[in-house]
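# Inside the fold
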Amino acid sequence: MQPKIEIDNGSGFCFGVTTAISKAETELAKGNTLYCLGDIVHNGMECERLKNMGLITINHEEMKKLHNVKVLLRAHGEPPETYALAKENNIEIIDATCPVVLQLQRRIKRQYDNNQSAQIVIFGKPGHAEVLGLVGQTNSQAKVIAHFDDVETLDFGKDIYLYSQTTKSLDEFHRIIEYIQDHISPTATFRSFDTICRQVANRMPNVSGFASRHDLVLFVCGRKSSNGRVLYNECKRINPNSYQIEDPSEIQAEWLKGVASIGICGATSTPKWLMEQCKEKIEEIMEQ
């Protein structure tokens with residue numbers, strides 16, 4: 001008997017990524033040369049699809065050498081220096097920064113401008129594109145903490161304003177808040193701002209429920225995806241028979257033996273068409 005295969009309706013591109021890809025496709029359809037600063041999405045297969053349409057991915061060093069061209073800024077956002085460089089080199093920016101990230105950048109900038117002596121703390125992955133854009137709002141003065149354990153490095157005698165990268169774990173963020181509340185000096189101010197994207201945060205309980213319903217779970221996402229790593233770990237916690245794959249070629253026939261139901265899900269950077277391809281690959285293997 002063939003196993004039942006279900007693709008998770010809640011998986012796939014978030015609003016910010018959908019918008020960025022749509023803007024790229026619209027520009028490329030006009031036959032224009034379009035550069036993208038960094039991978040438009042942390043998914044190699046989708047990047048390859050857009051490359052075949054003409055999208056040219058560049059890094060910051062390469063952008064410095066460009067003049068009089070169009071450059072798309074992806075959903076993660078960029079620091080102020082990128083906009084300054086674009087102006088200097090007469091580069092037209094197609095800004096696809098996610099509205100949630102853009103709002104967070106503005107909040108951090110306002111806070112920094114209002115009180116430059118306070119500690120602005122960002123719970124996020126050091127070096128991540130979104131985090132670099134956030135730190136850039138503070139003249140690179142913000143402190144980034146990657147994990148709960150890093151909270152001990154803060155100066156509890158000084159004011160602390162805590163923000164989060166939009167795709168981080170809510171549970172860990174709340175643990176950090178509690179720790180700071182317990183250790184902050186009575187003479188210092190502490191304020192936290194829950195800036196985690198709910199479209200991403202809500203995927204955690206959704207993916208938990210989805211993983212629990214199947215004998216085997218295939219989590220499809222690029223290995224660079226921070227959000228994907230968090231969601232995959234949750235899948236694995238709920239259902240130990242979970243595997244992370246980047247594309248259909250990684251699916252192994254032995255995984256499929258003796259399972260009655262297979263769930264296919266992914267990150268906010270996983271295209272629906274790629275999950276469909278994984279389903280087709282499973283069906284192909286089962287027919288052999």
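Just above sits the structure.
Residues numbered from 1 in each chain as written. Predicted model: local features only at pLDDT ≥ 70, side-chain atom pairs only at ≥ 80, totals over all residues. Heavy atoms only, no water.

The next thing to look at is the packing of helix α9 (residues 203–212) against helix α10 (residues 226–238). Across the interface, α9 lies against α10 with an axial gap of 9 Å and an inter-helix angle of 35°. Handedness of the crossing formed by α9 with α10: right-handed. Along its contact with α9, which presents Arg 203, Met 204, Val 207, Ser 208, Ala 211 and Ser 212, the element α10 presents Val 230, Leu 231, Glu 234, Cys 235 and Ile 238. Across the contact of α9 with α10, the residue classes tally to 7 nonpolar, 2 polar and 2 charged. (Axes fitted to C-alpha atoms, helices over the stretch in contact; angles between N-to-C directions. Helix = DSSP H or I, 4+ residues; strand = E, 2+ residues; numbered from the N terminus. Left-handed = near helix turned anticlockwise from the far one by under 90°. Contact = heavy atoms within 4.5 Å. Nonpolar A, V, L, I, M, F, W, Y, C, P; charged D, E, K, R; others polar.)

Here we come to the side chain of Glu 234. Considering the arrangement of structural elements, one finds Glu 234 in helix α10. Residues in contact with Glu 234, not counting those within four places in the same chain, are Met 204, Val 207 and Ser 208.

A separate point is the environment of Ala 86. The residue Ala 86 is located in helix α4 (residues 80–88) in this model. For the pair formed by Ala 86 and Leu 66, sequence separation is 20 residues and the distance between their alpha carbons is 8.9 Å.

Next up on the list: the sheet that holds strand β6 (residues 119–123). With parallel pairing, 4 strands are arranged side by side in an open sheet as β7-β6-β8-β9. Each edge of the sheet is formed by a strand with only one pairing partner; in this case those strands are β7 (143–145) and β9 (190–192). The mean inter-strand angle of the sheet, taken between neighbouring strand axes irrespective of direction, is 20°. The pairing of β6 with strand β8 (residues 160–164) spans 5 bridges and is parallel. Note that in β8 the partner of Ile 120 across the bridge is Tyr 161. Set on the sheet, helix α7 (residues 170–183) makes contact with β6, β7, β8 and β9; between it and β8 the angle comes to about 175°. (Pairing = 2+ DSSP bridges.)

Under the counting rule described, the total for this entry stands at 1 cavity of 30 Å³ or more. Considered as a void within the structure, the largest cavity measures approximately 50 Å³ in volume. Around the largest cavity, the lining residues are Asp 8, Gly 10, Ser 11, Arg 203, Asn 206, Val 207, Leu 231 and Gly 266. Among the elements that make up the lining of the largest cavity, the one with the highest residue count is α9 (3 residues). (1 Å grid on protein atoms, 1.4 Å probe; cavity = no way out; pocket = protein on both sides within 12 Å on 5 of 7 lines; lining within 4 Å. Points joined across faces, edges and corners; volume = space filled by probe spheres on them.)

By themselves these figures say nothing about function.
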